[in-house]
Number of protein chains: 2
Amino acid sequence: MNIGVLGTGMVGSAIGTRLVQLGHQVRMGSRSADNPKAAAWVAATGGGASQGTFQDAAAEADMIVNCTQGAATLDVLGSIGEDTLGDKILIDISNPLDFSRGMPPSLFVSNTTSLAEQIQHTYPRARIVKALNTVNATIMVHPERLGEDHEVFVSGNDAGAKAAVSTLLTSFGWKRIVDLGDITTARGTEAYLLLWIRLWQTLGTADFNVRLVRASG
Amino acid sequence: MNIGVLGTGMVGSAIGTRLVQLGHQVRMGSRSADNPKAAAWVAATGGGASQGTFQDAAAEADMIVNCTQGAATLDVLGSIGEDTLGDKILIDISNPLDFSRGMPPSLFVSNTTSLAEQIQHTYPRARIVKALNTVNATIMVHPERLGEDHEVFVSGNDAGAKAAVSTLLTSFGWKRIVDLGDITTARGTEAYLLLWIRLWQTLGTADFNVRLVRASG
């Protein structure tokens, strides 16, 4: 597939690299077409990757992955525009983290809505699927690094989009994919970040996730 | 120990019964000294249990367990009063669920504060420990019912109180107790309810929990 990755940070690099390894054509988008971090990433991937503006990354993509910081997400999508986003599948990995009070962050959207819902509301035709925001960049693309199988969650209004995203997640190595329901269920996975941050601080590592355990027998 | 259980609902009954089974003297508190649900619970336990007002349940308790609904909690504690609460250990199991918009509930306190913090702020001498609010009443007191070991979280400002609560949790059968830190970490476990509710709807059972999985090797 042609996949547009929005963002040049740890998440964008990890997702982009994994997608290239899996044989996809990946264009990393940022604010400027000559972003040095994106250029370094393209150089390091050795083929299958290119860079451009956010608009460039989205324009020819079969699927878009939002790896920007939550606080920038709506602005970035605005620079792409409704016409380009169209009815494309957009995997939203961002979290609405608010660092204005220092560490640990709070959320700038929460409880009765979510960033994913705000995106869906702003771009009603786009097929938003919230996923992967509950683990760090390493675990997103290499879930096998943890000692046992563990869960990734998907939220979205479009069943076909969730199926396509689940196929992609399976190719990353995910074995336990839970479809939580419509896009409003992203309130749950975004709010979980408030626990994730405390677990990260307590465990002293970001390489962890949760595994659902149910009643036996 | 003498333990006061506040609340006559599913959580209060489950916790109270388990405590009686473990040999504790349990007084179940409610708004009135002759609450019929509490009377039925006392009759069913067959010794070791009594009932009274919230004030009665707290007065002679070595430890108090708040099993009231989150929306009622501060009012209930107000009926007990600061003098009676003193520096007692209070396990807060409540969740700040807001059903005013229907199902699924949202939270009436979240993100930059938590119900546990509000309790601690209102009663600065009391030793509040948030625990058990991330699982349903059955799993709280019978964690072995799930097929694998799984986590329970404790949050609180007083290390001695958290140690005492951890001992009690161990007696319930909990094997993986994670001390998240001070009472502000209850923001994480209370916010997790927004995910818990969606998991409950998706899984079709409330008998589940999360098990932390970390990097192997």
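To start, this report covers the structure provided alongside it. (Residues numbered from 1 in each chain as written. Chains lettered and ligands numbered in written order. Predicted model: local features only at pLDDT ≥ 70, side-chain atom pairs only at ≥ 80, totals over all residues. Heavy atoms only, no water.)

### Side note on the nonpolar core
Link 1 in the chain: Grouped together as the largest cluster of nonpolar side chains are 36 residues, with contacts concentrated most on Ile15, Leu132 and Phe172 of chain A.
Link 2 in the chain: With five residues, helix α8 (residues 159–172) of chain A is the single largest residue contributor to this core.
Link 3 in the chain: Counting residues in each nonpolar core, the second largest holds 35 residues, with Trp41, Ile89, Ile93 and Val165 of chain B among its members. (Core = buried A, V, L, I, M, F, W, Y, C linked by side-chain atoms within 4.5 Å. Buried < 20%, exposed > 50% of the residue type's maximum accessible area, 1.4 Å probe, protein only. Helix = DSSP H or I, 4+ residues; strand = E, 2+ residues; numbered from the N terminus.)

### Some words on the relation of the copies chain B and chain A
Link 1 in the chain: Turning chain B through 180° and shifting it by 0.0 Å along the axis lays it on chain A, with an RMSD of 0.0 Å. Each copy turns onto its partner about a two-fold axis.
Link 2 in the chain: The overlap is high: 100% of the interface residues of chain B also sit at the interface in chain A, so the same surface is used on both sides. (Least-squares fit on C-alpha atoms with pLDDT ≥ 70 in both. Contact = heavy atoms within 4.5 Å.)

### Describing the interface of chain B and chain A
Link 1 in the chain: At the junction of the two partners, chain B supplies 40 residues and chain A supplies 40 residues.
Link 2 in the chain: Both faces combined, the contact of chain B with chain A buries some 3500 Å², and carbon together with sulfur accounts for 61% of it.
Link 3 in the chain: Counting the surface chain B buries against chain A, the share from its top three residues, Asn111, Arg198 and Val213 of chain B, is 19%.
Link 4 in the chain: The interface formed by chain B and chain A includes two salt bridges.
Link 5 in the chain: Here Glu148 of chain A and Arg211 of chain B are joined by a salt bridge, their closest N and O atoms 3.0 Å apart.
Link 6 in the chain: In this assembly, chain B and chain A are joined by 17 residue pairs in polar contact (both at pLDDT 80 or more).
Link 7 in the chain: For the side of chain B that touches chain A, the secondary-structure elements that each account for two or more residues are β7 (106–107), β10 (176–181), α9 (186–203) and β11 (208–214) of chain B.
Link 8 in the chain: If one sorts the elements of the side of chain B that touches chain A by residue count, α9 of chain B sits on top with eleven residues.
Link 9 in the chain: Here the side of chain B that touches chain A is composed, by residue class, of 16 nonpolar, 14 polar and ten charged.
Link 10 in the chain: Looking at chain direction, strand β11 (residues 208–214) of chain A and β11 of chain B are connected through seven bridges and run antiparallel. In the strand pairing of β11 of chain B, Val210 of chain A is matched with Leu212 of chain B. (Buried area = accessible area lost by both parts, 1.4 Å probe. Salt bridge = Lys/Arg side-chain N within 4 Å of Asp/Glu carboxyl O. Polar contact = N/O pair within 3.5 Å; in protein donor to acceptor, adjacent residues only side chain to side chain. Nonpolar A, V, L, I, M, F, W, Y, C, P; charged D, E, K, R; others polar. Pairing = 2+ DSSP bridges.)

### A few points about the sheet that holds strand β2 (residues 25–30) of chain B
Residue and element names in this part refer to chain B.
Link 1 in the chain: The eight strands are arranged β3-β2-β1-β4-β5-β8-β9-β10 in an open sheet whose pairing can be described as mixed. Either end of the sheet is taken by a strand with one partner, and the two such strands are β3 (49–53) and β10. Pairwise comparison of adjacent strand axes, ignoring direction, gives a mean angle of 25° for this sheet.
Link 2 in the chain: Set on the sheet, helix α2 (residues 36–45) makes contact with β2 and β3; between it and β3 the angle comes to about 165°.
Link 3 in the chain: In this fold α9 packs onto β5 (89–92), β8 (127–131), β9 (151–156) and β10, with an angle of close to 40° to the strand it touches most, β8. (Axes fitted to C-alpha atoms, helices over the stretch in contact; angles between N-to-C directions.)

### As for the packing of aromatic side chains
All names here are of chain A.
Link 1 in the chain: Summed over all chains, the structure comprises four aromatic pairs over all chains.
Link 2 in the chain: Ring centres of Trp196 and Phe208 lie 5.3 Å apart, and the angle between their planes is 20°; this geometry places the pair in the stacked category. Taken together, the residues Trp196 in helix α9 (residues 186–203) and Phe208 in strand β11 connect sequence positions twelve residues apart.
Link 3 in the chain: Among the aromatic residues, those joined into a ring-pair cluster are Trp196, Trp200 and Phe208. (Phe/Tyr/Trp six-rings, centres within 6.5 Å; stacked < 30°, edge-to-face > 60°.)

### Concerning the environment of Gly147 of chain B
Link 1 in the chain: Inspection of the secondary structure puts Gly147 of chain B in the loop between α7 (137–141) and β9.
Link 2 in the chain: For the pair Gly147 of chain B and Phe108 of chain B, spaced 39 residues apart in sequence, the C-alpha separation works out to 33 Å.
Link 3 in the chain: Apart from the residues within four sequence positions on either side, Gly147 of chain B is in contact with Val213, Arg214, Ala215 and Ser216 of chain A.

By themselves, these are just geometric observations and shouldn't be taken as functional.
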